[in-house]
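# Architecture and fold: a report
Here is what each chain is made of, one letter per residue.
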Amino acid sequence: MHTIAELVEFLNKIGQGHLAQNIDKFTEQQQKEFLEQVNKLNTTYPGGLEEYTKRAKVLLKNSADNVNPYEGFVPSVPIGEKVNFSSFEEVAGLESIGREELNHTAFVLVAGGLGERLQYDGIKIGIQFEITTGQTFLNYYLDFIRAFNEKAELAIMTSDDTYTLTMKLLEENNYYGFPKDQITIMKQEKVPAMIDNDAHFTQLPNSLLIETKPHGHGDVHTLLFQHQLPKKWIQQGKKWLVVFQDTNPLVFRALPSVLAISKTKNLEVNSITAPRKPGEAVGAICKLTKGNERLTINVEYNQLGSLLPKEPVDEHGYSVFPGNINSIVFSLQEYDSVLEKTKGLIMEFINPKYADATKTKFKSSSRLECMYQDYPKLLENDNRVGMTQVNRAFCFSTVKNDIKTAGQKFQQNLAPESASSCEQDLYFMNRQILKLVGVHVETSDASDYEFENIKLNLSPQIILKPSLGVTLAEIKNNIKNTQVTITRNSTVVLDGETFKNASDKLEIDGQFNVPANYQSKTKYRTFVGVDSKAAQHLLIRGYDVKRD
Ligand code: UTP
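We now turn to the structure provided with this report.

Rules of the game
By convention here, each chain's residues receive numbers from 1 onward along its written sequence. Given that the model is predicted, a residue must reach a pLDDT of at least 70 before its local features are reported, and side-chain atom pairs must reach 80 or more before they are shown or counted; all residues, however, enter totals for whole chains, interfaces and linings. Side-chain measures here rest on the full set of heavy atoms in the structure, leaving out hydrogens and waters. Three labels apply to residues, based on accessible area from a 1.4 Å probe with only protein chains included: buried if under 20% of the type maximum, exposed if over 50%, partly exposed otherwise in between. In this description a helix means any DSSP run of H or I spanning at least four residues, a strand means any run of E spanning at least two, and both kinds are numbered starting from the N terminus. DSSP calls a pair of strands paired once it identifies at least 2 bridges connecting them. One heavy atom within 4 Å of a molecule or strand is enough for the residue carrying it to be called near that molecule or strand. Think of a polar contact as two N or O atoms within 3.5 Å of one another; within protein, one of them needs to be a possible hydrogen donor and the other a possible acceptor, and neighboring residues in sequence only count if both atoms come from side chains. Note that accessible areas follow from Shrake-Rupley with a 1.4 Å probe, and for residues the cover is restricted to the protein chains shown. Three categories are distinguished: nonpolar for Ala, Val, Leu, Ile, Met, Phe, Trp, Tyr, Cys and Pro, charged for Asp, Glu, Lys and Arg, and polar for the others, with Gly belonging to the last. The arc under discussion is defined with respect to the helix axis, by the directions toward the C-beta atoms. Contact definition: two residues touch when any of their heavy atoms are within 4.5 Å. Lines fitted to C-alpha atoms define the axes, with helix axes restricted to the stretch in contact, and inter-axis angles between N-to-C directions lie between 0 and 180 degrees. Each angle is binned into one of four classes, with values under 35 degrees roughly parallel, values over 145 roughly antiparallel, values of 65 to 115 roughly perpendicular, and all other values oblique. Helix crossings are classified by the rotation of the near helix relative to the far one: an anticlockwise turn of less than a right angle makes the crossing left-handed, while a clockwise turn makes it right-handed. By definition, a salt bridge exists where a carboxyl oxygen of Asp or Glu is found within 4 Å of a side-chain nitrogen of Lys or Arg. Pairs were defined over the aromatic rings of Phe, Tyr and Trp, the Trp ring being its six-membered one, requiring ring centres within 6.5 Å. Orientation was assigned from the angle between planes: stacked under 30 degrees, edge-to-face over 60, tilted for the rest. Any Lys NZ or Arg CZ that is within 6 Å of a ring centre and within 35 degrees of that ring's normal is treated as a charge sitting over the ring.

### Focus on the pairing of strand E17 (residues 385–390)
It is a general feature of regular strands that their side chains alternate between the two faces of the sheet. Of all the six residues making up E17, six are buried; the element is thus mostly covered by neighbouring parts of the structure. Residues Val385, Met387 and Gln389 of E17 are buried on one face, and the alternating residues Gly386, Thr388 and Val390, pointing to the opposite face, are buried as well. Across five bridges, strand E10 (residues 269–274) lies against E17 in parallel orientation. Across the sheet, the residue bridging to Ser271 is Met387, located in E17.

Okay, here's the thing in structure tokens:
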């Protein structure tokens, strides 16, 4: 479209003529900007705005009619394995297989989300997620990926909300030492917001411009296809693709084992899951069957409830349908063929907030969304779609909630998913890893701090840099014959250099290898609560290092 007349004609044709009703009241410049916006939205959405409106109307009707997409399906447990991290031997066998596969793995970070629930003014991957070394999420991810394989490639999906700040973070930190030419930055575009069941688009106040909202992380598949990355990676000899989220640092320790399961079970899609209690508000990975139809997919917990009045449990009381943590390993060859056939277009959904029981008008505008875990819906059969259930302490803890909400969740016995609980869980995992490789770590089940109504067990604080090893065997080899003991009140950073010239004994009691600006002046490091003037990354956890 080049002219305003063409624009008006187009909008009328797709049932969005109301947008141009008052077009004469706006300046030429404003009309031009509107034309440009419609052209852009029309080209970025596959099939254009006509297709978007058409799909929205169908989904809105289904939503108003309460259609359950899984009606009549019977859930059963999908293929897969469990990794419990119960002993060195259990994990080391798997990790030796997965370690080799990591040499042929590409990574994708979905980081286009705004993180509204966290109320952090900035991008989530820029958060200093632990205050023992002060590293950011992105720093940690890049260090791990490089330690997995010097030639590993990473694509980051950003959005209008995160692109500029992601580039700034990378540039200002010199890409944290990661080879720049091995990173691809992709950007997802927003989609029009709608206000009624006829999918009428909404406009910004006093403007011609269409209100737009994020389309969801399912865009990652379309973007990977458009950038032709799977093809490039296959040509480089890569076999696997790992998609991970912006605020879960634990999952990197599970990846070697999970890749081993992908390889030995020959899985085309392998979702990482964690044990979940029946009814817990987490999506579950299920195999759904109806006649000849089969689909192994993430089912939201409320949908599962309607398919299955009582969830069967295992001997520990966990549901046999484990919780989806939204990190998925794909086999690249098959993934690429599926993208060629489908362009990676994931089935969408809509979640309108209705104004009243008539379900005709919305309280606030709504838009089509898509989720990357819905990928199995693109497959012709689900024979090779499965999961790996990993001990939650070794694969999942995220930073999603502001500290007040997190405190309320903690009081209700739910996972707080705060910066504080994620930091605690990281230290817990690292203590367990050291114990598994034979280090004597003094621990206690009792909490040692409470901030913002959340009881925390933070000590000892242990950071294990990927340079110390990315598998249990590597860490064990690095520590060699040094007998290490760590007391409860210690704060410890271990990396690839720590044991280079170590003697047979290393008894740590206090602060060891902690950067100067994260130390307390006293022998033992402690934490204190912060007031409202503190830096943001401290406000979202509620404490800081007591420096004097
Ligand atoms: P979250 O569930 O954490 O959602 O997304 P969010 O939008 O980031 O946070 P809230 O709901 O506003 O608080 C899960 C993952 O998907 C990415 C996020 O960056 C995160 O890694 N995501 C989400 C996208 O990449 N694009 C989106 O449109 C939405």
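### Side note on unusual backbone geometry
In terms of backbone geometry, most residues other than glycine have negative phi values and most peptide bonds are trans. Of note, the bond from Ser459 into Pro460 is cis; its omega dihedral lies within 30 degrees of zero at -10 degrees. Within the element layout of this structure, Pro460 appears in the loop between strand E20 (454–456) and strand E21 (461–464). Residue Tyr175 is not a glycine yet carries a positive backbone phi of 55 degrees. Here Tyr175 shows up in the loop between helix H6 (163–172) and strand E5 (183–188).

### A closer look at the site of the ligand
Surveying the vicinity of the ligand reveals 17 residues, the closest of which are Val110, Glu116, Lys124, Gln188 and Asp246. Between the ligand and the protein, one listed contact pairs an oxygen atom with a backbone N or O atom of Arg117 at 2.8 Å. One nitrogen or oxygen atom from the side chain of Lys124 is found 2.5 Å from an oxygen atom belonging to the ligand. Surface burial for the ligand is 84%, taken as the share of its 570 Å² of free accessible area covered by protein chains. Its residues assigned to classes, the shell around the ligand shows five nonpolar, seven polar and five charged.

### As for helix H12 (residues 403–411)
Within H12, the full set of buried residues consists of Ile403, Ala406 and Gly407. Mapping the buried residues of H12 onto a view down its axis gives an arc of 105 degrees, with all of them on the same face. Along its buried surface, H12 packs onto helix H13 (419–436), E20 and helix H15 (536–539). The opening residue of H12 is Asp402, an N-cap whose side-chain oxygen sits 3.1 Å from the backbone nitrogen of Lys404. Count one or two residues on from H12 and you reach Asn413, which has phi positive near 70 degrees.

### Observations regarding the packing of helix H1 (residues 4–13) against helix H2 (residues 28–44)
Running from amino to carboxyl end, H1 crosses H2 at an angle of 50 degrees, the nearest separation of the two axes being 10 Å. Considering their axes alone, H1 and H2 lie oblique with respect to each other. The element H1 and its partner H2 pack so that their crossing is left-handed. Contacts between H1 and H2 involve Ile4, Leu7, Phe10 and Leu11 from the first element and Gln31, Phe34, Leu35, Val38 and Asn42 from the second. Residues that form the contact of H1 with H2 fall into these classes: seven nonpolar, two polar and no charged.

### Focus: the pattern of salt bridges
One pass over the full model with this rule turns up 34 salt bridges. Residue Glu334 is joined to Arg384 by a salt bridge in which the shortest nitrogen-to-oxygen separation is 3.1 Å. With Glu334 in helix H11 (residues 332–342) and Arg384 in the loop between strand E16 (368–369) and E17, the pair connects residues that are 50 residues apart, well separated along the chain. Between Glu452 and Lys404 there is a salt bridge whose closest N-O contact spans 3.1 Å. Separated by 48 residues along the polypeptide, Glu452 in the loop between strand E19 (449–451) and E20 and Lys404 in helix H12 bring together distant segments of the chain. Here the salt bridges do not stand alone but share partners, grouping Lys40, Asp160, Lys187 and Glu189 into one network.

### Quick word on the sheet that holds strand E24 (residues 505–508)
Judged by pairing direction, the sheet is parallel, and its three strands sit side by side in the order E18-E22-E24 without closing on themselves. Whereas interior strands pair on both sides, the edge strands pair on one side only; in this sheet they are strand E18 (440–441) and E24. In this structure, E18 lies alongside strand E22 (residues 483–486), joined through two bridges in parallel fashion. Across the sheet, His440 pairs through a bridge with Thr485, a residue of E22.

### What to know about the packing of aromatic side chains
As enumerated under the stated definition, the model contains 25 aromatic pairs in all. Between Tyr70 and Phe73 the ring centres are 6.4 Å apart and the planes differ by 85 degrees, which places this aromatic pair in the edge-to-face class. Accessibility classification places Tyr70 together with Phe73 in one group, the buried group. Ring centres of Phe107 and Phe148 lie 5.8 Å apart, and the angle between their planes is 15 degrees; this geometry places the pair in the stacked category. Note that Phe107 is positioned in strand E3 (residues 105–110) and Phe148 in helix H5 (residues 137–148), a separation of 41 residues in sequence. Look at Phe148 and you get buried, because its relative accessible area is 1%. Through a chain of ring-to-ring contacts, three or more aromatic side chains come together here, namely Phe107, Phe129, Phe137, Tyr140, Tyr141, Phe144, Phe148, Phe244 and Phe252. A cation sits over an aromatic face here: Lys476 above Phe88, 4.2 Å from the ring centre. The side chain of Arg547 reaches across the aromatic face of Tyr518, ending 6.0 Å from its centre.

Geometry only, nothing functional implied.
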